[in-house]
Structures are given as structure tokens and as C-alpha cells.
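# Residue-level structure breakdown
Spelled out from the first residue to the last, the chains are:
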Amino acid sequence: QVQLVESGGGLVQAGGSLRLSCAASGRTFSNYNMGWFRQAPGKERELVAAITRSGGITYYADSVKGRFTISRDNAKNTVYLQMNSLKPEDTAVYYCAADYSVLIRFAPGQYDYWGQGTQGTVSS
């Protein structure tokens, strides 16, 4: 089992920044690819960023490319999502998730463990 706890959500004005953190415990954190998903009201959960076990490869959805940065610190068992130039359409509950896989995968059902989510709200 892997336990994931997100933090860092909040309310910010458009153009502002938030930094999300996800602390992991349980099994070896460095064995898992990590993803940040988000789900807005009435919409499906979508992958916004992902990072491989070593941090060597990252993925970003087109909607966040150039504004969001995913990183991880395996010594601290933590993955981060730095979100800059935020827009109202970035408002969602943000979840981190762990995937015991070699390749980055994109579907929520392919991830093994999930955090409880943290709300990020961007006002216009």
C-alpha cells in the first residue's frame, strides 16, 4: 500500500501561482511513476502532469504546458506541482496518484493509489 496526502491548494487570483505537494508513505516511493490529475465539476478526471520514477521524463497536458511544472524528491517521498499563470479554467480538485509502471500512463484507472485531493480555485 502507498498512502498519498496532498497539500497546498487554495484560492488565488488569475495570473497567480500555487504549489501543490503530495507526500507518500508506505511502499518504496521511487518505484512508482507519479501523476497529478484534476477534476472540475461536471467533468471527467484528467491527467495534467506526470513524472517517471527517477524524474527523468515528464508529461504535460497541452492545457498546462509552459505554466505547470512537476517535480519529485525521492529522498523526501514527495512530488510537487508548481502551477503558474493560473486561469479560472484551472479550478478543480487536484489529485496525486501513483502508478507501478515503467511507462507514463494517462488513464485514471491505470493508477494504483490516490490521494484525497486538494481544491484549487482561481478567481477571475
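In this text, all values refer to a predicted model and were calculated from it rather than measured experimentally.

### Considering the pattern of salt bridges
Following the criterion strictly, the structure yields 5 salt bridges and no others. Measuring nitrogen to oxygen at the nearest pair gives 2.7 Å for the salt bridge that ties Arg67 to Asp90. With Arg67 in the loop between β6 (58-60) and β7 (68-73) and Asp90 in the loop between β8 (78-83) and β9 (92-99), this residue pair connects regions lying 23 residues apart in the sequence. Among the residues examined, Arg67 registers a relative accessible area of 11% and is labelled buried.

### Concerning the packing of aromatic side chains
Centre distance and the angle of the planes are the two values used to describe a pair of aromatic rings. Tallying each qualifying case throughout the model produces 7 aromatic pairs. By the ring-pair criterion, three or more aromatic residues cluster together here, those being Phe37, Tyr95, Tyr111 and Trp114. A cation over an aromatic ring shows up here: Arg19 above the ring of Tyr80, its NZ or CZ 4.1 Å from the ring centre. Above the plane of the ring of Trp114 lies Arg45, whose end atom (NZ or CZ) is 4.9 Å from the centre.

### Here we look at the state of the cysteines
Between two cysteines, a covalent bond joining their sulfur atoms is known as a disulfide. Counting across every chain of the model gives 1 disulfide. Between the sulfur atoms of Cys22 and its disulfide partner Cys96 the distance amounts to 2.0 Å. Between Cys22 and Cys96 the sulfur-sulfur dihedral comes to about 50°; the bridge is accordingly right-handed. Taken together, the residues span a long stretch of sequence, with Cys22 in strand β3 (residues 18-26) and Cys96 in strand β9 at a distance of 74 residues. For Cys96, a relative accessible area of 0% gives the class buried.

### Re the sheet that holds strand β1 (residues 2-7)
Strand order in the open sheet formed by 4 strands is β1-β3-β8-β7, with antiparallel pairing between adjacent strands. Across the chains shown, the open sheet's two edge strands, defined by having one partner strand only, are β1 and β7. Strand-to-strand, the axes of this sheet are offset by a mean angle of 15°, without reference to chain direction. Note that β1 and β3 share 6 bridges and pair antiparallel.

Rules used in this analysis
Residues numbered from 1 in each chain as written. Predicted model: local features only at pLDDT ≥ 70, side-chain atom pairs only at ≥ 80, totals over all residues. Heavy atoms only, no water. Salt bridge = Lys/Arg side-chain N within 4 Å of Asp/Glu carboxyl O. Helix = DSSP H or I, 4+ residues; strand = E, 2+ residues; numbered from the N terminus. Buried < 20%, exposed > 50% of the residue type's maximum accessible area, 1.4 Å probe, protein only. Phe/Tyr/Trp six-rings, centres within 6.5 Å; stacked < 30°, edge-to-face > 60°. Lys NZ or Arg CZ within 6 Å of the ring centre and 35° of its normal. Disulfide = S-S within 2.5 Å. Pairing = 2+ DSSP bridges. Axes fitted to C-alpha atoms, helices over the stretch in contact; angles between N-to-C directions.

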